[in-house]
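# Survey of secondary and tertiary structure
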Amino acid sequence: MKRESNHIENQIKQEKTEKEADSFSVSEKKRGFRLSDRAYNKLRFIALAVAAGALIYASFNLTTSYLNYKEDEQKYADIENMFVQDVQVEQRENNGDINYSTKKQWVWDYDAMLQFNDEAKGYIKLDDTRIQYPIVEHADNDFYLWRGVDKVKNGSGSIFVDYRTEGLEGKMCVLYGHNMLDGSMFKQLMDYRNDSFCKKHGTFDIYVGHHHYIYYVFSVFSGKDIDENIYQYGFKDDADFQNWIDRVYAKSRYQFPVKKPTVTDKIIMCSTCVDDYGNRQLVCMYRGEEVVDRQS
């Protein structure tokens, strides 16, 4: 009996010890959960603070971009108004008398443009779009990439000639312009991915120096900025130039009702970014007839 009693007593002590151990373990677990909750709340606070900071930063950038867009829009509107003149229009009445009236008309003035920017080379206009900009050229391609036509730094840049080409009077030159989110600069070149837009916008008005020409679009396509078969800045001879014409003509996603250019034509290739991976939207056109604008 004594041995059994000692056994029962030892068993009771063992059970008590196990209960105490279990109680300690539960307590530790509970305390561990309290520490995790505290850490979680701290992390949540940090995450919310970072998100709030990012939202404020993004809002600031959007506001700044919006203000820059509006400033650029007003700037180019003012430049365009430089060329709005009063012109006399004659109208013959039924009785044979001639009456004269005055109306506002946009008339290119290269001398006035040169006074505004001595690196101005011309002007590009595409009807019913926002592509209504001066064309400039610098000794490198970086200057006007992030500067407006007034030579002041801004994100929209300018429409500029690639300095590596022979310019607007050469065999072929490249014009660059940003694909801006607000629809400005060369954004609407992207619309040439639509057949109905191609059908309605087959010509550009390009002003080169003092002269006004109609340019005919003959090829629109996408390409890579590293493709030297497209971005070719000089030609060994007429055969080399014709090979280039053949390549870009064949790439067009839309068949324009115009002739295929020859080596006697002067060609402009307009280029804008599609994305950040080197894809570009390209619009190629050749010079047609000269237009004699009426001066006041």
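The sections below set out a description of the structure shown in this document. (Residues numbered from 1 in each chain as written. Predicted model: local features only at pLDDT ≥ 70, side-chain atom pairs only at ≥ 80, totals over all residues. Heavy atoms only, no water.)

Taken in spatial order, the 8 strands line up as β3-β4-β5-β6-β9-β10-β8-β7 and close into a barrel, and their pairing is mixed. Taken pair by pair, the neighbouring strands of this sheet meet at an average axis angle of 30 degrees, ignoring direction. Pairing between strand β6 (residues 172-176) and strand β9 (residues 267-273): 5 bridges, direction parallel. In the sheet register, methionine 172 faces β9, and the bridge partner there is isoleucine 267. (Pairing = 2+ DSSP bridges. Helix = DSSP H or I, 4+ residues; strand = E, 2+ residues; numbered from the N terminus. Axes fitted to C-alpha atoms, helices over the stretch in contact; angles between N-to-C directions.)

This paragraph deals with a nonpolar patch on the surface. A cluster of nonpolar side chains, Leu43, Phe45, Ile46 and Val50, forms an exposed patch at the surface whose accessible area comes to about 440 Å². Mapped onto the elements of the fold, isoleucine 46 is located in helix α1 (residues 2-81). Judged by its relative accessible area of 42%, isoleucine 46 falls in the partly exposed class. (Patch = residues over 30% accessible without salt bridge, like charges linked within 9 Å, V, L, I, M, F, W, Y side chains within 5 Å. Areas by Shrake-Rupley, 256 points an atom, 1.4 Å probe, with all protein chains shown as cover. Salt bridge = Lys/Arg side-chain N within 4 Å of Asp/Glu carboxyl O. Buried < 20%, exposed > 50% of the residue type's maximum accessible area, 1.4 Å probe, protein only.)

Here the focus is the packing of aromatic side chains. What the rule picks out here adds up to 22 aromatic pairs. Both rings, one in phenylalanine 160 and one in tyrosine 176, keep their centres 5.5 Å apart while their planes meet at 45 degrees; by these two values the pair is tilted. Residue phenylalanine 160 is located in strand β5 (residues 159-161), and its partner tyrosine 176 is located in strand β6; the two are separated by 16 residues in the primary sequence. Classification of phenylalanine 160 by relative accessible area gives buried; the value is 5%. In textbook terms, an aromatic cluster arises when at least three aromatic residues are bridged by ring pairs, as seen for Phe83, Trp106, Trp108, Tyr110, Tyr123 and Tyr207. (Phe/Tyr/Trp six-rings, centres within 6.5 Å; stacked < 30°, edge-to-face > 60°.)

Spatial relationships are all this shows, so hold off on functional conclusions.
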